[in-house]
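# Fold and contact review
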Amino acid sequence: MIYNSSMQAVRETKYTQAIIDVLAELGHGTNSDIATKLRESYPDVSDTTVHRATTRLAERGQISVGPRDIDGSLRYDANTEPHDHFICTGCRGIRDIDIAKEIMPIVQEALGGCGVDGRLEIKGLCIHCNERRAK
Ligand SMILES: [Zn+2]
Ligand SMILES: [Zn+2]
């Protein structure tokens, strides 16, 4: 048992940096997005290994947890600074934006002075999906 768990730790460490690199390239990604990309370099990596590694990286603050995917899957974010998101409902694309500072006072005012905090998730159709739809 001890042997197994320490072997597992070695395996996870090996993939940790690779997962950080893959997520940096993707920007945002679910465990399944990360596993798919990671398998281009490490065909044998299991979903469980990816899941364990991303959970640990998020706990340590090396990656952050972003807005959930449209299907509800947990989605990780390479950007660990607080920021807002635009999510495309057409292609599940997601982009970082930073608009809370400008928008929150408007929301607060509309609520008659209630305090609001947190970050914004704006949904819509991205420019590519809009163009596709227009054709
Ligand atoms: Zn789109
Ligand atoms: Zn983000």
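Structural data are supplied above this passage.
This section reports on the structure supplied with the text. In this convention, every chain numbers its residues from 1, walking through the sequence in written order. Numbering of ligands from 1 and lettering of chains from A proceed in the order in which they are written. Local features are withheld for residues below a pLDDT of 70 in this predicted model, meaning they are given only at 70 or higher, and side-chain atom pairs are given and counted only at 80 or more; totals for whole chains, interfaces and linings count all residues. To get the side-chain values, take all heavy atoms of the structure and skip hydrogens and water.

## Structural notes on the sheet that holds strand β3 (residues 75-77)
Keep this limit in mind: Strand pairing follows a simple DSSP-based rule, namely that at least 2 bridges must link the two strands. To qualify as a helix, a DSSP run of H or I must reach at least 4 residues; to qualify as a strand, a run of E must reach at least 2; elements of each kind are numbered from the N terminus. Every axis corresponds to a line fitted to the C-alpha atoms, with the helix fit spanning only the stretch in contact, and the corresponding angles, defined between N-to-C directions, vary from 0 to 180 degrees. Any two residues whose heavy atoms approach within 4.5 Å are treated as being in contact.
The antiparallel open sheet is built from three strands, whose spatial order is β1-β3-β2. Looking at the sheet topology across the chains shown, the edges are occupied by β1 (28-30) and β2 (64-66). Neighbour-to-neighbour, the strand axes of this sheet turn through a mean angle of 40°, independent of strand direction. With three bridges joining them, β1 and β3 adopt antiparallel strand pairing. Bridge pairing in β3 links Thr30 to Arg75. Contacts from helix α2 (residues 31-38) reach β1 and β3, with the element oriented near 95° to β1.

## Overview of the packing of aromatic side chains
Just so we agree on the cut-off: Each aromatic pair joins two rings of Phe, Tyr and Trp (for Trp, the six-membered one) with centres within 6.5 Å, and gets the label stacked for planes under 30 degrees apart, edge-to-face for over 60, and tilted for any other angle. Working definition: with a 1.4 Å probe on protein chains only, accessible area under 20% of the residue-type maximum means buried, over 50% means exposed, and in between means partly exposed.
Counted by the stated rule, this structure contains one aromatic pair. Arranged with centres 5.1 Å apart and planes meeting at 85°, the rings of Tyr15 and Tyr42 form a pair that is edge-to-face. Placement of Tyr15 in helix α1 (residues 2-26) and of Tyr42 in the loop between α2 and α3 (47-59) is noted, with a sequence separation of 27 residues between them. According to the relative accessible area criterion, Tyr15 is buried, its value standing at 6%.

## Some details on the coordination of the zinc ion (ligand 2)
For clarity, the threshold we go by: The rule for donors is simple: N, O or S, within 2.8 Å of the metal, or within 3.2 Å if the metal is Na, K or Ca. Water isn't counted, so a site may look like it is missing partners.
Looking at the zinc ion (ligand 2), the protein donor atoms are His28 (NE2), Asp77 (OD), His83 (NE2), His85 (NE2) and Asp96 (OD), and they sit 2.0 to 2.1 Å from it. The motif formed by the donor residues of the zinc ion (ligand 2), counted along the single chain, is H-x48-D-x5-H-x1-H-x10-D. Of the two residues, His28 sits in strand β1 while His85 sits in strand β4 (residues 84-88), which places them 57 residues apart along the sequence. Judged on exposure class, the residue His28 and its partner His85 are both buried.

Any functional reading would require information that these geometric values do not contain.
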